[in-house]
Each structure stands twice: as C-alpha cells, then as structure tokens.
Amino acid sequence: MADSIMSKAATMEIPINSNGDTGTLPEDDSLEQQVMVSGPNLNETSIVSGGYGGPAGGIIPTSSIKGPAIRFNPEYLDRRQAPAAGPDIRMKSRGVSLPKSQSAASRLAQHTDQHPGSTSNHSAVNSTEEVSRGVAVEKLEGVKKWGINTYKCTKQMFSERFGRGSRTVDLELEAQIDVLRDTKIKYENILRLATALTMHFQSMVQTQQALGDTFTDLSQKSPELQDEFGYNAETQKLLCKNGEALLGAINFFVSGINTLVNKTMEDTLMTIKLYENARLEFDAYRSDLEEMSLGQRDAAAMVRIEMAQQDYQVHREKYERLRSDVTIKLKFLEENKVKVMHKQLLLFHNAISAYFAGNQQQLEQTLIQFNVKLKPPGSDKPSWLEEQ
C-alpha cells in the first residue's frame, strides 16, 4: 500500500495549455498529462502529454511551467528511504486507532528539556514528604508500643500489690540487693558525720591560727609578758600545722567514702533499677501470654498468641541479661568496697591517733604512706582576679 501511495505522489495529472498555464484548458478526458520522476533531481522531470502512448514530441521540459503547480517536498525522499514508525496498517484497516504515545512522550521530553529544574524540584519535594511521613509513622508506632507496654506493666504492678498476680523472684539476688541498700544507708551516715567533723575541725584550726596570731602580736606589744605570749603563740601555730595535716587526712577519707557511695554504689543501684523494670515487663508479658493460652484457639487467637510469644521471649532475654549484669556488678562492688574501706579506715585511725598523741612525725609519715597531699593555706579562698 505504501508503494501505491508513493506512485500517486510521483505521478499527478495536471491540465496544461500550449502556453504552459494551468487551469485555463477546458476539461477533456482524452488529454492526460503525467509527471514522471526518474530520480531525486528535478531537472530530470518531464511531462508527457497525449496519454501513455503519445509521441515523443509531446515532452515538455518542466522549466517552462510557471506557477505553484509542482513543489519539491524534501520529506518525500526521507519517507522512501526510512519509513517513519506509525500505527500498524492492519490495525488501521480494521478501524482500530492506537493512542499517540510517541507524540505524548516527545512532548514530555520537550517539556523536560525546556524546564530541567521542574522535575528535580518535584522529586525533591516528594522525597522530603516521604521522609517526613516515615518519621511521623515511626513516632506514632513508638508511642503506640510505649502505651501498650505501660498499660501491661501498670496492670502487673497493681496485680502484685494486691496479691492477684505472680512475680519472678531470685531469692539469692534479692538478698544481696537488700544488703547493698542497707549498706549504702549506713555509709551515707558515715559520710555525713565525717563531713560534719571536717567542718568543725576546720573551724577549730582557723580559731587556733587566729589565736596564735593574736599571741604573737601581744608578745611584741607587752614586754613584761613577751615570753609567755611567745610560748603560747608557738604552741598554737604547731597545733594549727598538725591540725591542717589531720584535716587533709580527714578530707581524703571523706572523698574516698563519697566516691564509693555516690558513684560506685549508685551505678550498681541504677543497674538494679533497670533489672527490676525488666523483671516487671517480663512478668507482665508472661501473664499476658498465660491468659491468651487459656482462651480460645481460633486462627486469630493463634496469631495473637504467636506475637505474644515473641514479645515474651524478647523480654525474657532482656531480664536474664540484666540479672547477669547485676550479679557481676554486686561481686565487683563487694571487692572494691573491702579494698577501699580497708585503706580509708587505716588512714583515719593512724592520723587521728598521731594527732591527739602529739606525734607530728608519725602524722607526717601517715600522710606520706597514703599519698595525701595537703593544700596550701588559703587555697580554698578565691583569688583577687576571680573576685573581680
């Protein structure tokens, strides 16, 4: 069919007169003119008049024809060399029309070429919206899980308090935890009393220092009592020096007790708190699984039981892991407590004994033995630069 179309395009019947003008000759069926194209060059085009069997003298060169009767179409040769892709001829003969997807795609490509930033901006906006939607969904799921977990734990806690629910108990571990809490209370009392002793003894040392300065001043202004004031001034200064050494030992003792109570023991108690919360969650999910197991066994119930079994297993592993952590920390805490308290109690005893015995040399050796460094007088006061 394509050949017939091209043959019609190549041969056209046009009426001409002797002058080469078109449209003035009356209609005559006996006279036919045919344009024959022998090649792509229009110079080879000729017009044959008088029908197909006419004489050769009827050949008229096309250069003598005037007017827009014949136009060169450059797309015609392109179509003959490479036919454009179009709808199937068989589908067209059957009356089926296909959508012009090629032209729509070309228009979309042209629009993209003309506006290259619109597609990227649109995709960026879509990706931002998807990320925001994903974050919102994650937060909603987190709130949902937290609400369910809080409800189950609260229910389990009230059940245990009113004696309606059962709880998992490790007797040996619970006894060690009770001992630790009782020990912490007693050590906090020691820390409070030692801090009070430090404050009172520091006030006494400051008083002795002021009294020694007063005796020194009076010994210079009272010639008749110069010796007596001088002896007392030296005694107070010696007591003040020994008092500062003892004060350094007591501060070292207080610092050691404070680290043991407020850091080491507190860290172990924080782990114990996490362990108790895990135990409560474990019992809550265990009770929930037991209640589901006693109910109906239809398809939906079996799905819920399977999900409850998975949650129960997760909380069981968490509970066992924290219980192991608490056991290990309690063991190390006991060893550390014995070591620290042995050193601190020995320091406190030797320093107090040497001070009140008046043995300055033994007091100094005690400080060196336990590596206690004394602060210079007035180091606690802020400097003049800090006051400004």
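What counts as what
Residues numbered from 1 in each chain as written. Predicted model: local features only at pLDDT ≥ 70, side-chain atom pairs only at ≥ 80, totals over all residues. Heavy atoms only, no water. Axes fitted to C-alpha atoms, helices over the stretch in contact; angles between N-to-C directions. Helix = DSSP H or I, 4+ residues; strand = E, 2+ residues; numbered from the N terminus. Parallel < 35°, antiparallel > 145°, perpendicular 65-115°, else oblique. Left-handed = near helix turned anticlockwise from the far one by under 90°. Contact = heavy atoms within 4.5 Å. Nonpolar A, V, L, I, M, F, W, Y, C, P; charged D, E, K, R; others polar. Phe/Tyr/Trp six-rings, centres within 6.5 Å; stacked < 30°, edge-to-face > 60°. Buried < 20%, exposed > 50% of the residue type's maximum accessible area, 1.4 Å probe, protein only. Core = buried A, V, L, I, M, F, W, Y, C linked by side-chain atoms within 4.5 Å. Expected span 1.5 Å × (residues − 1). Bend = angle between axes of the 7 residues up to and from the residue. Salt bridge = Lys/Arg side-chain N within 4 Å of Asp/Glu carboxyl O.

### With respect to the packing of helix α8 (residues 299–357) against helix α9 (residues 360–369)
No. 1: As a packed pair, α8 and α9 sit with axes 8 Å apart at the nearest point and diverge in direction by 160 degrees. Our classification of the angle between α8 and α9 gives roughly antiparallel. You can see that α8 and α9 cross each other, and the crossing is left-handed. Residue-level contacts link Leu-347, Asn-350, Ala-351, Ala-354 and Tyr-355 of α8 to Gln-362, Leu-363 and Thr-366 of α9.
No. 2: In terms of residue class, the contact of α8 with α9 is built from five nonpolar, three polar and no charged.

### A word on the packing of aromatic side chains
No. 1: The full count for this structure, using the stated rule, is eight aromatic pairs.
No. 2: Where Phe-215 meets Phe-229, the ring centres are 6.1 Å apart and the plane angle is 35 degrees; that geometry is what we call tilted. Taken together, the residues Phe-215 in helix α6 (residues 171–221) and Phe-229 in helix α7 (residues 226–293) connect sequence positions 14 residues apart.
No. 3: For Phe-215, a relative accessible area of 17% gives the class buried.
No. 4: Overall, Phe-229 belongs to the buried group, its relative accessible area being 18%.
No. 5: Grouping aromatic residues by their ring pairs yields a cluster made of Tyr-275, Phe-282, Tyr-312 and Tyr-319.

### Digging into the nonpolar core
No. 1: Residues Ile-177, Leu-180, Ile-272, Tyr-275, Val-326 and Leu-330 are the most contacted members of the largest nonpolar core, which totals 43 residues.
No. 2: Listed by contribution, the elements that provide at least two residues to this core are α6, α7, α8 and α9.
No. 3: When sequence neighbours within four positions are dropped, the list of residues in contact with Leu-180 reads Met-265, Thr-268, Leu-269, Ile-272, Leu-330 and Leu-333.

### Observations concerning unusual backbone geometry
No. 1: For Asn-371, which is not glycine, the phi torsion reads 55 degrees and is therefore positive.
No. 2: Here Asn-371 is to be found in the loop between α9 and α10 (384–387).

### Remarks on α7
No. 1: Look at α7: 97 Å from first C-alpha to last across 68 residues, which is about the 100 Å you get at 1.5 Å a residue.
No. 2: Along its length, α7 reaches its greatest deviation from straightness, about 35 degrees, at Glu-266.

### So, the pattern of salt bridges
No. 1: In total, this model carries 14 salt bridges according to the counting rule given.
No. 2: With a shortest N-O distance of 3.8 Å, Lys-155 and Glu-291 are connected by a salt bridge. A residue pair is termed long-range when its members are at least 10 positions apart, and Lys-155 in helix α5 (residues 116–161) and Glu-291 in helix α7 qualify at 136 residues.
No. 3: A salt bridge links Lys-318 to Glu-281; the nearest nitrogen and oxygen atoms lie 3.6 Å apart. Taken as a pair, Lys-318 in helix α8 and Glu-281 in helix α7 lie far apart in primary sequence, 37 residues in all.
No. 4: Accessibility expressed as a relative area gives 31% for Lys-318, which makes it partly exposed.
No. 5: When salt bridges with common partners are traced through the structure, they connect Arg-279, Asp-283, Arg-286 and Glu-290 into a single cluster.

Function cannot be read off these values alone, since they describe shape.
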